[in-house]
Amino acid sequence: MYAAADPHYIEPLNPSKLALLLEIKDEFMPLPAGALHFEGGFENDIQNSIAHWNKGVVPYADFVQLFRTGRKTFALGEMWGKAVRSGAMFYRYTHDPELKEILKKTVADLLTTKRVNGSISCADISRQPDLRGGDLWERKYVLLGLDEYYEQVEQDPLVLQAMMDEADCTIQQIGPSPKISILDQGWSPTHIENSTILEPILRLYKLTGQRRYLDFAKYIVDQGGAKGYNLVDEAYRNTDPEKMGGPYPKAYEMMSFFEGVLEYYRATGDQLLYNASLNLYHKIRGQEITLIGNGGADQPYRPAVAGEAWDHTAVEQTNPKINRIIETCTGVTWLKLCSQIARLNSDPAAIDKIEKYAYNGLVGAMKPEGDGFSYVNRLNGVKIDSSGWGGQFNKLHVTCCNLNGPMGLAYLPFVAVMTSKTGPVINLYNAANVATTTPSGHPLQLALKTDYPLTGAVKITVSLKKSELFVIRLRIPEWSAANSLRHRAERSATGGLKA
Ligand SMILES: [Zn+2]
């Protein structure tokens, strides 16, 4: 719950507007880039990851080369987009010029691989989209990497054009008959991974306002997300996650698809999609999330999905037969899905879940050297840090989880303190300095001094030049039984207020 929270309020649908698009506004919005700075705690992990991963061992040129020469293992073309996406989100936080140069250089390199049909793809045009190779999944990450770069680092029109060319080529190839169905592509039994391209297609729609991207998004949503299984319908009917998607309830991909579904809800106001996504979120919270804040396992229900499927993990987490459990990619995508929920409906319980994962599963999966994350994170025994899907780049073995872990860290400053119509929202209590504005637009400084979570004492200094009435929402952590708030106001020598 939030102290001083306003009652939840979801704008009702207006039937007269249903034929039109009803854009949904978030209740919590991120602060502008660079507005928050952590002091210690997560700051150490973030800087460690930036220095040794994004500015360290990431083989950007080798990732780009896959788009010229093709790849030997399915889906390897995801790596470039994932590395650039986390780098761009870190840049949002640090504005580090060295990181910017690295990203700028690799983006320019990637753009040289654009094929004559506009695609940036590991597959030759004659083989596109290349069925089991993972072309659409890879394009999803190309789009997300370029989009995050465009939004956070530099609004280069060539980058926007590359995104549009990639999406337009995809729309040419994928769709209703005689085009190829989005459910007939990909490596998995239900091809769930392909429909996750929904999220970047909607981000592109938001950037450009081009109706064809929304139409393509509608096509993807209407297909239901998995061959033979309509994930939206299943979620709407409150199906247990483990029973969704037939033989392949893949945790990471399923949540990634629903991130796109929520973006579609934002763009259209389709309440059914929101309700379906909310149902799934509640089901995952209740049935799948373990004591370290992450979920998915192999035993007893889904031995064939390599520990990456929903598995009633909340109950089964102590099952000694479990071999593989809790993929880092799943945890980071859960964190992002929780962020979507909190932004849309101001649910502090979603932030509780982010907090639980951040302090336990996420940071616990990071190598102390900062140059990688473990793949699966067993609760009983050693971590298996490189066993699973990935590729070899000289001496470096890169996995999906190496690439997604930094994105989890990069999300922490994005959600730690947010803003709302009524004033700032303090979600995470890592020590931090924040420069934001009041609801009427006047400068507002927040300083969080604390050693949280070692102790629960948090001192928040609120500084503003002129007195103004507004709400500061403070999340009361779900684990905290006794809470007290003391307030002291003083006027500084220069006439400003501190509280
Ligand atoms: Zn992974």
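## A word on the packing of helix H1 (residues 42–57) against helix H15 (residues 400–416)
Where H1 contacts H15, the two axes come as close as 10 Å, and the packing angle between them is 140°. Here H1 is positioned oblique relative to H15, judged by the angle of their axes. With respect to the hand of their crossing, H1 and H15 are arranged in left-handed fashion. Of H15, the residues touching H1 (which contributes Phe 42, Asp 45, Ile 46, Ser 49, Trp 53 and Asn 54) are Asn 402, Leu 403, Pro 406, Leu 409, Leu 412 and Pro 413. Residue classes in the contact of H1 with H15 are distributed as 8 nonpolar, 3 polar and 1 charged.

## A look at the coordination of the zinc ion
The coordination sphere of the zinc ion contains the protein donors Glu 327 (OE), Cys 329 (SG), Cys 400 (SG) and Cys 401 (SG), at a distance range of 2.2 to 2.3 Å. Seen from the zinc ion, its 4 donor atoms lie at angles of 99 to 121°, and the figure they make is tetrahedral. When the donor residues of the zinc ion are listed from N- to C-terminus, their spacing reads E-x1-C-x70-C-C.

## Here's the deal with the pattern of salt bridges
Enumeration over the complete set of coordinates arrives at 34 salt bridges. Residues Asp 168 and Arg 212 are paired through a salt bridge, measuring 2.9 Å at the closest nitrogen-oxygen approach. In this pair, Asp 168 sits in helix H6 (residues 157–173) while Arg 212 sits in helix H8 (residues 211–223), placing the two residues 44 residues apart along the sequence. On the basis of relative accessibility, which here comes to 22%, the residue Asp 168 falls in the partly exposed class. Salt-bridge contacts for Lys 353 lead to Glu 478; the nearest nitrogen and oxygen are separated by 3.3 Å. Highlighted residues: Lys 353 in helix H14 (residues 348–365) and Glu 478 in the loop between strand S13 (473–475) and strand S14 (490–491), separated in sequence by 125 residues. A relative accessible area of 12% places Lys 353 in the buried class. We classify Glu 478 as partly exposed; its relative accessible area is 45%. Through salt bridges with shared partners, a single network forms among Asp 147, Glu 148, Glu 151, Glu 199 and Arg 203.

## Regarding the domain arrangement of the protein
As far as domains go, the protein holds domain 1 (31–422) and domain 2 (432–498). The centre of domain 1, based on its C-alpha atoms, is set 33 Å off from the matching centre of domain 2. Taken together, the contact pairs 16 residues of domain 1 with 17 residues of domain 2. Summing the contributions of domain 1 and of domain 2, the shared interface buries around 1400 Å²; its carbon and sulfur component is 48%. Among the residues of domain 1 in contact with domain 2, Asp 352, Glu 355 and Thr 422 are the three that bury the most area, contributing 36% of the side total. Applying the counting rule to domain 1 against domain 2 returns 3 salt bridges. Residue Arg 475 is joined to Glu 355 by a salt bridge in which the shortest nitrogen-to-oxygen separation is 2.5 Å. Where domain 1 touches domain 2, the interface holds 11 residue pairs in polar contact (both at pLDDT 80 or more).

## Some thoughts on the nonpolar core
If you look at the biggest cluster of nonpolar residues, it comprises 144 residues, and the most contacted ones within it are Leu 36, Phe 38, Phe 63, Trp 80, Leu 146, Phe 258 and Leu 412. No fewer than three residues from each of domain 1 (31–422) and domain 2 (432–498) sit in this core. Not counting residues within four places of it along the chain, the set of residues in contact with Phe 258 comprises Leu 231, Val 232, Ala 235, Met 244, Ala 276, Ser 277, Leu 280 and Leu 337. The next biggest cluster of nonpolar side chains, apart from the first, holds 5 residues, and it includes Ala 297, Ile 322, Ile 325 and Ile 326.

## So, the pairing of strand S6 (residues 390–393)
Looking along a regular strand, one sees the side chains alternate between the two faces of the sheet. Here S6 pairs with strand S7 (residues 396–399) via 4 bridges, running antiparallel. Its bridge partner being in S7, Gln 392 is matched across the sheet by His 397. A loop of 2 residues connects S6 with S7, the two strands running antiparallel in sequence, and Asn 394 in this loop sits at a positive phi of about 55°.

## Here we look at the environment of Tyr 429
Inspection of the secondary structure puts Tyr 429 in the loop between strand S9 (423–426) and strand S10 (432–437). Residue Tyr 429 is classed as buried on the basis of its relative accessible area, which comes to 8%. Distance from Tyr 429 to Tyr 274, taken between C-alpha atoms, is 29 Å for residues 155 residues apart in sequence. Setting aside residues up to four positions removed in sequence, Tyr 429 forms contacts with Leu 448, Thr 450, Tyr 452, Val 458, Leu 474, Arg 475 and Pro 477. A distance of 2.6 Å separates a polar atom in the side chain of Tyr 429 from the backbone oxygen of Arg 475.

## Describing the packing of aromatic side chains
Summed over the entire model, instances satisfying the criterion amount to 17 aromatic pairs. Between the aromatic rings of Phe 38 and Phe 42, the centroid separation amounts to 5.9 Å while the plane-to-plane angle is 55°, which identifies the pairing as tilted. Seen in terms of ring centroids, Phe 42 and Tyr 359 are 4.7 Å apart; in terms of plane orientation they differ by 35°. Their pairing is tilted. Of this pair, Phe 42 sits in helix H1 while Tyr 359 sits in helix H14, placing them 317 residues apart in sequence.

Definitions and cut-offs
Residues numbered from 1 in each chain as written. Predicted model: local features only at pLDDT ≥ 70, side-chain atom pairs only at ≥ 80, totals over all residues. Heavy atoms only, no water. Axes fitted to C-alpha atoms, helices over the stretch in contact; angles between N-to-C directions. Helix = DSSP H or I, 4+ residues; strand = E, 2+ residues; numbered from the N terminus. Parallel < 35°, antiparallel > 145°, perpendicular 65-115°, else oblique. Left-handed = near helix turned anticlockwise from the far one by under 90°. Contact = heavy atoms within 4.5 Å. Nonpolar A, V, L, I, M, F, W, Y, C, P; charged D, E, K, R; others polar. Donors = N, O, S within 2.8 Å, 3.2 Å for Na, K, Ca; no water. Tetrahedral: all angles 85-135°; square planar, octahedral: opposite > 155°, others 65-115°. Salt bridge = Lys/Arg side-chain N within 4 Å of Asp/Glu carboxyl O. Buried < 20%, exposed > 50% of the residue type's maximum accessible area, 1.4 Å probe, protein only. Domains from an automatic or database assignment. Buried area = accessible area lost by both parts, 1.4 Å probe. Polar contact = N/O pair within 3.5 Å; in protein donor to acceptor, adjacent residues only side chain to side chain. Core = buried A, V, L, I, M, F, W, Y, C linked by side-chain atoms within 4.5 Å. Pairing = 2+ DSSP bridges. Phe/Tyr/Trp six-rings, centres within 6.5 Å; stacked < 30°, edge-to-face > 60°.

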